[in-house]
Amino acid sequence: MRRGVRNRRGSTLVVVLWVLVALSALTLSATAGAVIDLRLAVRHREHSAALGAAEAGLAEALAALRRDPLRAASRDSVLGAGPAGQWNTSWSPTAGRLHLRSRGVAGSAARELELWAEPGGVGWRVVAWREIR
Amino acid sequence: MSTLELVVSATIGFLVTGAALALCAAGNRAVASIAAAEATWQEARAAVTQWAADWRGAGFDPAATSGAGVTRLAPDTMEFSADWNGDGGIVPTASNPNERLAYAIAPGVFRRGINGGPRIAAAWPDSARFSFHDGAGSDLGPSPPPTAVRTAVLRLALPDPDGGAPPVAEWAASRRNP
């Protein structure tokens, strides 16, 4: 009698263990997929934010040049941070134009812009814009 | 243990093992389906990221002599150029491979062509369309004047792995060059 009870308990334990193993495998697979998905989405968002930060740096540089036009006479830069991320925008005068580089960083993502600007009505006007990275 | 007990326990064992294997197989199928959908989305994101970066820089012409700009826009086609290396021209060379670009989309296809050569095809099982807007956000219709377009929108539907209604995504990018 006792032996029969022990056997039933053993069988039940085996069934429970099998179910646990299967459920664990499923949970592990789903978790791994979700984690990868989340990391990719975060990475994508960070890159967008870094680009936004680089553009924010460009806007700040152009605003700084409007406030103080003499800063366009020599190599200079502005540093800053905002909701999107941090930026470092530098410029140098070249044959009556300005060559600007603006780097934005958000999390582990970094984006960089290269621009050319010419004197506009007030301040400087961007005439060529591209993403370097 | 009697023969009957052995047979019964073996049967139960087979049933339990079979159920567990079936469960694992279902899990594997589910994971494979999720992975395939994620790969499709990831491929779409990568392609669209490239497209958006190209379009934002369309007309890049630091020397102001290359004539780079937007040449043709349609719901399934975008053609434009940019003087990426700043040499004043948009002549195709091996070291300067993508100054003239064409994007073409059709059901199942998203293509990026370089310098008028063969288009690089990335299989993309969906139907996508471009639409175009001016600086004020007004929709310019299917045949817009290229120079008036500032924002291009790419709308696409990716297949749902479970056969349901396909999720639709929209990406917009605005040209930065004059």
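Please read these numbers as outputs of a predicted model, since none were measured by experiment.

Definitions and limits used
Residues numbered from 1 in each chain as written. Chains lettered and ligands numbered in written order. Predicted model: local features only at pLDDT ≥ 70, side-chain atom pairs only at ≥ 80, totals over all residues. Helix = DSSP H or I, 4+ residues; strand = E, 2+ residues; numbered from the N terminus. Buried ≥ 20, exposed ≤ 12 C-beta atoms within 10 Å, placed from the backbone. Rg over C-alpha atoms; globule rule 2.2 N^0.38 Å. Contact = placed C-beta atoms within 7 Å. Nonpolar A, V, L, I, M, F, W, Y, C, P; charged D, E, K, R; others polar. Pairing = 2+ DSSP bridges. Axes fitted to C-alpha atoms, helices over the stretch in contact; angles between N-to-C directions. Core = buried A, V, L, I, M, F, W, Y, C linked by C-beta atoms within 7 Å. pLDDT = per-residue confidence, 0-100. Expected span 1.5 Å × (residues − 1).

**Points about the overall build of chain B**
Link 1 in the chain: A tally of helices and strands in chain B yields one helix and eight strands.
Link 2 in the chain: Residues classed as buried in chain B amount to 23% of the 178 residues present.

**Some thoughts on the overall build of chain A**
Link 1 in the chain: Summing up its helical and strand segments, chain A has one helix and five strands in all.
Link 2 in the chain: Reading the helices (α) and strands (β) of chain A from amino to carboxyl end gives α-β-β-β-β-β.
Link 3 in the chain: A compact globule built from 133 residues would reach a C-alpha radius of gyration of about 14 Å, whereas chain A, at 29 Å, exceeds it by more than 25%.
Link 4 in the chain: For chain A, the spread of C-alpha atoms along the three principal axes comes to 100 × 20 × 20 Å.

**Details of the interface of chain B and chain A**
Link 1 in the chain: Taken residue by residue, the interface counts 24 residues in chain B and 18 residues in chain A.
Link 2 in the chain: Residues that form the side of chain B that touches chain A fall into these classes: 14 nonpolar, five polar and five charged.

**A short note on the sheet that holds strand β8 (residues 168-174) of chain B**
Residue and element names in this part refer to chain B.
Link 1 in the chain: Read from one edge to the other, the open sheet built from three strands follows the order β6-β7-β8, with strand pairing classed as antiparallel. Among the strands making up the open sheet, the edge pair consists of β6 (128-133) and β8. Averaged over all pairs of adjacent strands, the angle between their axes in this sheet comes to 20 degrees, without regard to strand direction.
Link 2 in the chain: Bridge count for strand β7 (residues 151-157) against β8 is seven bridges, and the pairing is antiparallel. Bridge pairing links Leu154 to Trp171 in β8.
Link 3 in the chain: Packed onto the sheet, helix α1 (residues 3-56) meets β7 and β8 and runs at close to 20 degrees relative to β8.

**Some details on the nonpolar core**
Link 1 in the chain: Ala50, Ala53, Ala54, Leu58, Leu100 and Leu115 of chain A together with Ala152 of chain B are the most contacted members of the largest nonpolar core, which has 51 residues in total.
Link 2 in the chain: Top contributing element to this core by residue count: helix α1 (residues 2-67) of chain A, with 10 residues.
Link 3 in the chain: Each residue touching Ala50 of chain A, except ones within four places of it in the same chain, is listed here: Gly85, Gly104, Val105, Ala106, Ala109, Ala110 and Arg111 of chain A.

**Examining the confidence of the model for chain B**
All names here are of chain B.
Link 1 in the chain: Model confidence for chain B is summarised by a mean pLDDT of 83, while 89% of its residues fall at 70 or above.
Link 2 in the chain: Within chain B, the element-level pLDDT minimum falls on strand β5 (residues 119-124), averaging 50, and the maximum on strand β1 (residues 70-74), averaging 94.
Link 3 in the chain: Taken together, the chains of this predicted complex give a pTM of 0.79 and an interface ipTM of 0.74.

**Here we look at the sheet that holds strand β5 (residues 124-131) of chain A**
Residue and element names in this part refer to chain A.
Link 1 in the chain: Strand order in the open sheet formed by five strands is β1-β2-β3-β4-β5, with antiparallel pairing between adjacent strands. Only two strands of the sheet have a single partner each, and these edge strands are β1 (76-81) and β5. Sheet twist, expressed as the mean angle between neighbouring strand axes with direction ignored, is 20 degrees.

**A few points about unusual backbone geometry**
Link 1 in the chain: Of note, Ala95 of chain A is a non-glycine position whose phi angle comes to about 50 degrees, a positive value.
Link 2 in the chain: Within the element layout of this structure, Ala95 of chain A appears in the loop between β2 (86-94) and β3 (97-106).
Link 3 in the chain: For Ala64 of chain B, which is not glycine, the phi dihedral falls at a positive 60 degrees.
Link 4 in the chain: One can find Ala64 of chain B in the loop between α1 and β1.
Link 5 in the chain: Classification of Ala64 of chain B as partly exposed rests on a count of 15 C-beta atoms within 10 Å.

**Points about the pairing of β1 of chain B**
Link 1 in the chain: As defined by bridge partners, β1 of chain B adjoins strand β2 (residues 77-81) of chain B across four bridges and the pair is classed as antiparallel. If you follow Leu73 of chain B over to β2 of chain B, its bridge partner there is Met78 of chain B.

**So, α1 of chain B**
Link 1 in the chain: A rise of 1.5 Å per residue sets the reference length of α1 of chain B, with its 54 residues, at 80 Å; its end C-alpha atoms lie 78 Å apart and thus fit the reference within 8%.
Link 2 in the chain: When α1 of chain B is considered as a whole, its buried residues turn out to be Ala44, Ala47, Trp51, Asp54, Trp55 and Arg56 of chain B.

**A closer look at the environment of Arg100 of chain B**
Residues and elements named next belong to chain B.
Link 1 in the chain: Summarising the element assignment, Arg100 is placed in strand β3 (residues 100-106).
Link 2 in the chain: Judged by the 19 C-beta atoms lying within 10 Å of it, Arg100 is partly exposed.
Link 3 in the chain: A sequence separation of 43 residues divides Arg100 from Ser143, and the C-alpha atoms of the two residues are 20 Å apart.

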